[in-house]
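# Residue-level structure breakdown
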Amino acid sequence: MMGSCEAGLFTEIDKLRAELVNNVEVMPGCQRDEEEITYREILSRIENVILGIVTSLSKDENPVLALPNRSSWANVSFDSAIGLQMNSGSSVTSIRSDSPSSVRKFGQILKIFLVIYKLVQSNSYATKRDIYYNNTQLFGSQKTVDNIVDDISCMLKVPRRSLHVMATSKGLISGDLCYLEEDGTRIDCRSGSAAVAVSSNIGGIRNIVSSAKFVMIVEKDATFQRLLDDDFCAKLSPCIIITGKGVPDVNSRLMVRKLWDTLHIPIFALVDADPHGIEIMCIYKYGSVAMSFEAHNLTVPSVMWLGLLPSDLQRLRVPEDALIPLTKRDENKLSSLLKRPYLTSQPDWQKEMELMRQTQVKAEIQSLAAIAPDFLTNIYLPNKLRYGGWV
Amino acid sequence: MLREIQQVLRLIMLLGKQKPQHGLNTERGLLVLLWTETGASVQSLNCTVAAAGPWSTGIKMEALQPVLTDLKESMFPCMWSSPQPDPEELCAFTDLYGSLRLLLSFQINIHLKFKLNQQTFQRDLRVKVKSTVALANQPSRILDVTCSTQPPECVKKGCWCQGGHPVVGGMVPLSIPPKAMDQGLFGELSIQPVTLLSPCVLQYPNLATQLTHIKVLVFGPSNVPVAGPSTFFQNLPAHLDCQELGLHGLHCSSFKDHVHSSGMVYTVEQEPCKDPEQESSLLPMQQSLRLYLFLQHSDPFNCHLSDLMATEVLIEHYLEDILNNNRQSVTKALQTELQNTLKAQNRRKKDQEKLRSAAEVILSSSISVVSCSSNVDFRTACLNSMKVRDTHDLSASLRESLRRVTSWKFTPRDRCHSAQMEEHPESDVATRREI
């Protein structure tokens with residue numbers, strides 16, 4: 001049964017779209033800023049860092065690198081149009097070359113500076129994985145390389161992709177969407193049963209073609225696969241579904257942002273009714289502290305919470321044995337979320353989270369299968385979308 | 001001669017212990033004067049020991065007579081028919097410390113060669129820097145921690161610790177061997193180690209150091225140094241686990257190298273340097289470790305001065321047997337103390353390696369960026385900064401500069417004896433003549 005046959009299915013979605021398009025604040029400067037950071041400018045910024053080190057040594061002073069602190073809430077502020085963004089005068093962490101505890105990191109940072117310098121200079125690309133495997137002894141772990149690349153991106157105020165460092169994407173996408181990769185490869189996401197990996201070079205994507213009415217972000221890969229198996233995209237066609245398989249990587253977030261910028265259609269989130277799922281949804285919508293320096297490229301403040309809502313559990317009378325008691329960790333996470341600056345502008349979300357705190361239970365999307373095996377795809381989601389059951 | 005002087009010193013120290021001390025800052029003086037008479041045979045040497053100062057108040061010569069008699073009877077009679085020293089010789093001493101409280105003179109036959117260069121050679125032994133060490137069940141002792149190592153030229157004024165920081169180890173009870181007991185040595189005997197690493201480079205956490213010598217000094221219960229049991233200490237390296245200590249080996253130094261030493265000195269075998277370039281560019285600061293072993297004895301039935309003196313003599317006489325009788329516990333205690341001291345050294349070596357390997361990455365990455373840059377302004381700025389002509393010289397210059405600023409990173413410590421010595425270099429308050 002094709003969703004497009006039911007005319008009323010997208011009434012509320014179309015209304016929402018019209019509202020969003022009216023409210024959207026266009027920020028042309030952001031994209032222009034990105035284009036303006038030429039390869040020459042990137043090389044110059046790296047050269048300045050090296051010159052700083054040489055100058056320190058010429059004065060018999062120990063070189064120190066100042067990295068903006070990407071893990072402190074004190075360094076971010078909330079803007080409803082952008083999300084969490086790094087403050088201009090944020091605190092820094094000093095990486096000293098004369099301290100045994102930090103000198104290794106100093107060396108790792110310089111090494112990656114050199115790698116990036118050569119990539120940009122030669123207009124070639126490498127993945128973070130390539131960088132790690134070229135010197136596993138120096139870096140010790142992939143995570144070290146990943147963090148340092150993001151640190152350098154933040155320090156130089158240059159997006160990672162402009163540093164010619166790519167990351168293998170984690171996410172998957174499916175639905176009414178076609179586009180061209182930078183190298184001309186045509187990508188068609190319309191195959192019902194198989195998903196397409198999110199591109200590693202979102203910035204290079206062009207010629208996006210889609211008539212989708214909405215995009216649905218799915219928290220977990222298991223749920224995403226279930227939707228594929230149930231032919232969701234055909235039943236609710238035209239639409240796009242995307243998953244970052246848990247906490248999303250930058251490419252998945254960039255893709256969602258790209259779809260919003262290009263299509264200006266509602267973006268819904270389908271996450272578990274638990275604090276972890278809510279936090280993942282907040283990352284897509286408002287961004288993360290760690291990547292706040294690139295918020296304007298990564299956040300989609302218009303994301304709406306479609307499900308699974310804590311109020312759904314009561315309304316649908318989800319069987320109690322499918323519900324899970326909140327752990328101490330869940331409660332701490334919930335309290336932390338409720339204190340976040342962006343939730344003050346989301347009273348409906350606050351209400352749902354307070355309900356979760358009161359009932360002291362959480363539930364996965366899979367709990368809906370306890371009502372009926374196909375409840376999610378055939379009943380829950382279509383009704384939610386038809387009747388505007390999002391917050 | 002040394003034995004006789006030792007006995008006299010022992011007597012004075014025990015007397016000082018018996019008298020309650022009102023503060024440890026009381027000035028006191030001890031003079032040991034050696035002289036020959038004009039025209040006298042060079043094989044006869046006179047020795048006078050004199051004590052003066054408030055610390056020796058209470059020494060009554062009449063009370064000392066029995067002890068002095070014992071001393072006389074235990075030594076060759078000819079040593080006691082000795083002329084008195086020239087009073088003028090004593091004037092400088094009494095001017096400083098007040099009237100004499102003790103004056104003992106004796107004559108001895110010696111075979112000693114002096115090279116005097118036709119002038120009087122006088123040496124004052126001064127304690128420039130001292131540290132109070134609290135030992136278990138004992139009054140605190142003052143240790144001479146002065147370090148004579150001159151700081152390198154690159155060290156700024158007031159940034160060099162001129163003393164050391166003794167570390168007190170655990171007390172080791174010693175069982176008295178039957179042989180010593182038969183001779184009348186009873187009571188409780190123990191030994192307490194104190195380690196002192198010199199020079200102190202705690203204010204330079206990145207400076208490479210190299211332990212070259214370990215010196216063991218043994219002190220009797222009266223704080224007078226005793227001749228260490230040579231066999232026990234000569235065999236000590238064989239019983240220590242050098243690998244655990246992070247040392248390649250320990251060898252006893254030849255006696256002639258340390259003719260004035262009352263203890264045993266070990267030379268630390270050095271690790272051969274794998275990288276010749278490293279060897280030439282980075283000379284580590286050489287350090288020596290002093291291991292003081294303070295013997296402590298208590299016997300409730302031994303309270304007379306003469307008994308204490310006799311006990312001291314017995315302990316010294318049977319020290320070899322005592323230590324051999326307690327070989328395992330003493331060796332284990334020494335191993336522990338050396339390990340604790342060398343732990344910091346070994347950590348420093350590991351930090352050194354971290355700094356060195358990271359420095360290579362820092363330098364090679366920086367030079368590579370400069371070398372492959374097509375930005376003339378950038379390259380020129382780098383070369384001009386370091387006042388070099390090309391990237392080859394730049395590499396060498398950056399390497400040397402990084403090594404220098406990293407090695408000599410200075411982190412001041414209140415405990416170190418640097419600022420206070422700079423403020424009062426000539427003050428006698430910080431110095432005292434002490435043997």
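Residues numbered from 1 in each chain as written. Chains lettered and ligands numbered in written order. Predicted model: local features only at pLDDT ≥ 70, side-chain atom pairs only at ≥ 80, totals over all residues. Heavy atoms only, no water.

How we decide: UniProt positions are given in the numbering used here, feature names are shortened, and annotations may be inferred rather than shown by experiment.
In the nomenclature of an unreviewed UniProt entry, chain A corresponds to DNA topoisomerase (ATP-hydrolyzing) from the organism Perca flavescens. Under the UniProt heading Subcellular location (unreviewed entry), the entry covering chain A gives this text: "Nucleus".

### Here's the deal with the environment of Leu295 of chain B
Residues and elements named next belong to chain B. To keep things clear, this is the line we draw: Runs of E in the DSSP output that reach at least two residues are strands. Runs of H or I that reach at least four are helices, and both are numbered from the N terminus. Only protein chains enter the area calculation, which uses a 1.4 Å probe; residues under 20% of their type maximum are buried, those over 50% are exposed, and those in between are partly exposed. The contact rule is simple, with two residues in contact once any of their heavy atoms fall within 4.5 Å.
Summarising the element assignment, Leu295 is placed in strand 14 (residues 285-298). Judged by relative accessible area, Leu295 falls into the buried class, the value being 1%. Here the alpha-carbon distance between Leu295 and Gln192, two residues 103 residues apart in the chain, equals 6.5 Å. Beyond its immediate chain neighbours, meaning those up to four positions away, Leu295 contacts Arg141, Leu174, Ser190, Ile191, Val218, Phe219, Gly220, Pro221, Ile315 and Leu319.

### Quick notes on the sheet that holds strand 14 (residues 267-270) of chain A
All names here are of chain A. Test applied: Strand pairing requires that DSSP identify at least two bridges connecting the strands. To define axes, lines are fitted to C-alpha atoms, for helices over the stretch in contact only, and angles between the resulting N-to-C directions are given on a 0 to 180 degree scale.
In space, the six strands of this open sheet follow the order 10-7-13-12-14-15, with mixed pairing throughout. Since the sheet does not close on itself, it has two edges, and those belong to strand 10 (196-197) and strand 15 (304-307), each with one partner. As paired elements, strand 14 and strand 15 share three bridges and run parallel to each other. Looking across to strand 15, one finds that Leu270 is bridged to Gly307. Of the strands in this sheet, strand 12 (214-218), strand 14 and strand 15 touch helix 16 (residues 375-387), which is tilted by about 145° from strand 15.

### As for the UniProt feature "active site" (unreviewed entry) in chain A
Per the UniProt entry, the sites bearing "active site" (unreviewed entry) are Tyr133 of chain A in this numbering. Among the structural elements, Tyr133 of chain A can be located in helix 5 (residues 128-134).

### Considerations on the packing of helix 14 (residues 328-338) of chain A against helix 15 (residues 347-359) of chain A
All names here are of chain A. Operational definition: If an angle is under 35 degrees, it is roughly parallel; if it is over 145, roughly antiparallel; if it lies from 65 to 115, roughly perpendicular; otherwise it is oblique. Take the far helix as your reference; a near helix turned counterclockwise from it by less than a right angle gives a left-handed crossing, and one turned clockwise gives a right-handed crossing. Ten residue types, Ala, Val, Leu, Ile, Met, Phe, Trp, Tyr, Cys and Pro, are classed as nonpolar, four, Asp, Glu, Lys and Arg, as charged, and the remainder, Gly among them, as polar.
The contact between helix 14 and helix 15 brings their axes to 11 Å, and the two run at 155°. In terms of orientation, helix 14 lies roughly antiparallel with respect to helix 15. Relative to helix 15, the crossing made by helix 14 is left-handed. Residues Leu334, Ser335, Leu337 and Leu338 of helix 14 form the contact with helix 15, whose participating residues are Gln350, Met353, Glu354, Met356 and Arg357. Taken together, the residues of the contact of helix 14 with helix 15 sort by class into five nonpolar, two polar and two charged.

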